[in-house]
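Structural overview
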Amino acid sequence: FRHVRLVYVSRDFLRHDIATNELVKGNNSCLTLVKDAISLLDTENFERLGVTPRKSLETSVVVVNVGINVLCYIPRESRWFKLGEIPPCFVACGSNFLSCDGQLYRTVQTVQEFLPLSLRQVTYNPYSNNCTELPAWEEGRYLRKTFVSNGDEMYALLSEPCVENHLRIWNVRCSSNQTCRSRKHTSFLTKYKPETNSWEDVTSFDHLNLRDDFCIVANENSIYFIGGRECGKCTILADVDRLELSRKQWDKAANTQMATCRARGAAVKERIYITGPSGPPRVCPFSYDFEVYDEKTNEWQIITGVRDGLGYSYVDFLAVDDELYLVEIRPCVPGIAADTPKQIRIERYYPEENKWQTKTDVTARRAKLSDFQPAIVCSMRIFKGLFNMREVEAFPFDDSLPRKLSEKQKCLIM
């Protein structure tokens, strides 16, 4: 009986069916387990449930935020919910929350003068609707990127300190006059262990050297480093390097058709999909390029059929149940990013037909404290009964429909 995951059983069934069962009532240990589960559900203290739900009881969802609101879309049911809220201090632009161990983690590096570098982590628990700041982890190497592999294994790419500081300071890294006297730059791949809130080194290499602003996509045992540029140079790269994790072996994959910088990507089956702005970085409006890489043929192809007018949008690819989804978040009034209603559109891609289908297109009015780039855009698996464990608000809200716009605003809407 101790192997039954009682915390994922509904309150009513626990009270009226399990707690009243003669076998359970006749065993004090079993009855105590039931009472403890009911108490946890009543208090909604879901910080550490102790066990994860059965895989068969989970469903895949897309999680995004507009402002402080954390929203959840279930593709299989085509339904939206509001999971909860995150504090405004965690909404600011920066690294994205990633899914790991049933929660969302955001990892950033604190840089303070005269203090050692450390990794600062915040976790959002969808079951308790609570953001928690974890103890800082002292780390003298530079944090470059975090990413997820095999569903919810979280990795970090770190680099050893450099005297030029070009890997840490943005304006130094992007300076066209910057040169580096270091002969090589060693990078480290580390894996996060949620049970101990620690990072464990997996491998080290100097393969990337001065390269930066690349896209990382993990597909099973392979990790792809796509595009980017070399520090101190304006040239955007089309190079694709691949690390096979089990053998720790590098090889070259075919170059992308279009050079790309700060792209985003996802892996679906044996294909890698990327999207990124074409043209110089930090110039808006811009257009997006979409490409797909076939691991069998070692070829990249341009993806067509994506709707135009993405220049003022945040666009990302997500893999959900071995299917590719495009997530677009844009201000309803182009060019005005903050404190305006946001339109959220999610499309599914059908590779056999090279066809996109809009799954949902909603407007969120409550986008206060919202910057242009969201803090959460990811996919994860959650317990289907989450919406019965605690109060979850339906979305769109009653006030989610756009208010009457002025004639000037109407002219600005794409």
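All values derive from a computational prediction rather than experimental measurement. Residue indices follow the written sequence of each chain, beginning from 1 at its first position. Local features in this predicted model are restricted to residues whose pLDDT is 70 or higher, and side-chain atom pairs enter the listing and the counts only when it is 80 or higher, whereas totals over whole chains, interfaces and linings include all residues. Side-chain measures here rest on the full set of heavy atoms in the structure, leaving out hydrogens and waters.

Remarks on the nonpolar core
In this structure, Leu14, Val63, Tyr127, Ile376 and Phe387 are the most contacted members of the largest nonpolar core, which totals 43 residues. Each helix is a run of H or I in the DSSP string that is no shorter than four residues. Each strand is a run of E no shorter than two, and both are numbered from the N terminus. Mapped by element, the contributors of at least two residues to this core are helix H1 (11-18), helix H3 (28-43), strand E1 (58-66), strand E2 (69-74), strand E3 (79-85), strand E6 (118-125), strand E27 (377-383) and helix H5 (386-389). If you look at the next biggest cluster of nonpolar residues, it comprises 18 residues, including Val66, Trp80, Leu318 and Ala364. For our purposes a nonpolar core is just a set of buried Ala, Val, Leu, Ile, Met, Phe, Trp, Tyr and Cys residues, chained together by side-chain atoms within 4.5 Å. Burial classes: relative accessible area under 20% of the type maximum marks a residue as buried, over 50% as exposed, and values in between as partly exposed (1.4 Å probe, protein chains only).

A word on empty space enclosed by the protein
Both cavities and pockets are sets of points on a 1 Å grid over the protein atoms alone; in a cavity a 1.4 Å probe fits but cannot get out, in a pocket the set is open with protein on both sides within 12 Å along at least five of seven lines, and lining residues sit with an atom within 4 Å of a point. Grid points are joined across faces, edges and corners, and a volume is the space filled by probe spheres set on the points. Per the counting criterion, the structure on display carries 1 cavity of 30 Å³ or more. Of the volumes computed, that of the largest cavity is approximately 50 Å³. Taken together, Met258, Ala259, Thr260, Ile274, Thr275, Gly276, Pro277, Asp289 and Glu291 make up the full set of residues lining the largest cavity. Of all the secondary structure elements, the ones that give two or more residues to the lining of the largest cavity are strand E20 (271-278) and strand E21 (287-294). It is E20 that provides the largest number of residues to the lining of the largest cavity, a total of 4 residues. Just so you know the grouping, Ala, Val, Leu, Ile, Met, Phe, Trp, Tyr, Cys and Pro go in nonpolar, Asp, Glu, Lys and Arg go in charged, and all remaining residues, Gly too, go in polar. Residue classes in the lining of the largest cavity are distributed as 4 nonpolar, 3 polar and 2 charged.

As for the packing of aromatic side chains
Only the six-membered ring of Trp is used, alongside the rings of Phe and Tyr, when aromatic pairs are assigned; centres must lie within 6.5 Å, and planes under 30 degrees apart are stacked while those over 60 apart are edge-to-face, with the rest tilted. Taken as a whole, this structure holds 18 aromatic pairs when the rule is applied. Centre to centre, the rings of Tyr273 and Tyr349 are 5.9 Å apart; their planes meet at 75°, and the pair counts as edge-to-face. One end of the pair, Tyr273, is in strand E20; the other, Tyr349, is in strand E25 (residues 342-350), and 76 residues separate them in sequence. Accessibility assignment for this pair places Tyr273 and Tyr349 in one class, buried. Plain terms: the ring middles of Phe290 and Phe317 are 5.8 Å apart, the flat faces sit at 55° to each other, and that makes the pair tilted. Taken together, the residues span a long stretch of sequence, with Phe290 in strand E21 and Phe317 in strand E23 (residues 314-320) at a distance of 27 residues.

Quick look at the sheet that holds strand E18 (residues 249-253)
The antiparallel open sheet is built from 4 strands, whose spatial order is E14-E15-E17-E18. Of all the strands in the sheet, just strand E14 (215-219) and E18 have a single pairing partner and so form its edges. Here the strands of the sheet are splayed against their neighbours by 25° on average, with no regard to which way each runs. Two strands are said to pair when DSSP picks up at least two bridges between them. Relative to strand E15 (residues 222-226), E14 runs antiparallel, the two sharing 5 bridges. The residue of E15 that forms the bridge with Asn219 is Ser222. A fitted line through C-alpha atoms represents every axis, and for helices the fit uses only the stretch in contact; the resulting angles, taken between N-to-C directions, go from 0 to 180 degrees.

Observations concerning the sheet that holds strand E12 (residues 198-205)
Taking strand neighbours across the sheet as the criterion, the 4 strands line up as E9-E10-E11-E12 in an open arrangement whose pairing is antiparallel. Either end of the sheet is taken by a strand with one partner, and the two such strands are strand E9 (142-149) and E12. Mean inter-strand twist for the sheet, computed between neighbouring axes without regard to direction, equals 25°.

Things to note about the packing of H1 against H3
When two helices pack together, their arrangement is given by the angle between the helix axes and by the axis-to-axis distance. Contact geometry for H1 and H3: axes closest at 10 Å, N-to-C directions at 150°. Considering their axes alone, H1 and H3 lie roughly antiparallel with respect to each other. Crossing of H1 over H3 shows left-handed handedness. The residues of H3 that touch H1, namely those facing Arg11, Leu14, Arg15 and Ile18, are Val34, Ala37, Ile38, Leu41 and Asp42. Split by residue class, the contact of H1 with H3 holds 6 nonpolar, no polar and 3 charged. Any angle from 65 to 115 degrees is called roughly perpendicular, while one under 35 is roughly parallel, one over 145 is roughly antiparallel, and all others are oblique. Should the near helix be turned counterclockwise from the far one by less than a right angle, the crossing is left-handed, whereas a clockwise turn marks it as right-handed. Here a residue-residue contact requires only that any non-hydrogen atoms of the pair lie within 4.5 Å.

Some thoughts on a nonpolar patch on the surface
Patch construction takes residues with relative accessible area above 30% that form no salt bridge. Like charges are linked within 9 Å, and nonpolar side chains (Val, Leu, Ile, Met, Phe, Trp, Tyr) are linked within 5 Å. Accessible surface is estimated by sampling points in the Shrake-Rupley manner with a 1.4 Å probe; for residues, cover comes only from the protein chains shown. What counts as a salt bridge is simple: a side-chain nitrogen of Lys or Arg found within 4 Å of a carboxyl oxygen of Asp or Glu. There is a patch of nonpolar side chains on the surface, built from Phe1, Val4 and Leu33 and spanning about 230 Å² of accessible area. With respect to the helices and strands, Leu33 occurs in helix H3.

Considerations on the pattern of salt bridges
Scanning the model with the defined rule gives 26 salt bridges in all. Linking Arg229 and Asp213 is a salt bridge whose minimum nitrogen-to-oxygen distance equals 3.2 Å. Placement of the pair is Arg229 in strand E16 (residues 229-230) and Asp213 in the loop between strand E13 (211-212) and E14, with a sequence separation of 16 residues. Since its relative accessible area comes to 10%, Arg229 is described here as buried.

Considerations on the confidence of the model for the chain
Overall, the predicted model of the chain reaches an average pLDDT of 82, with 82% of residues at or above 70. Per-residue pLDDT stays below 50 along residues 170-177; that stretch engages in 18 contacts with residues further than four places along the chain or on separate chains. Throughout residues 398-414 the model reports pLDDT below 50, and contacts reaching past four residues in sequence, or to other chains, amount to 20 contacts. The score called pLDDT rates the predictor's confidence residue by residue, from a low of 0 to a high of 100.

Thoughts on the environment of Val327
Within the secondary structure, Val327 sits in strand E24 (residues 323-331). In this structure, the C-alpha to C-alpha distance between Val327 and Ile344, residues 17 residues apart in sequence, is 7.3 Å.

Re the pairing of E18
Taken together, the 5 bridges between strand E17 (residues 240-244) and E18 define a ladder with antiparallel strand orientation. Bridge pairing links Leu243 to Trp250 in E18. Between E17 and E18, which pair antiparallel in sequence order, lie 4 residues; one of them, Lys248, sits at a positive phi of approximately 55°.

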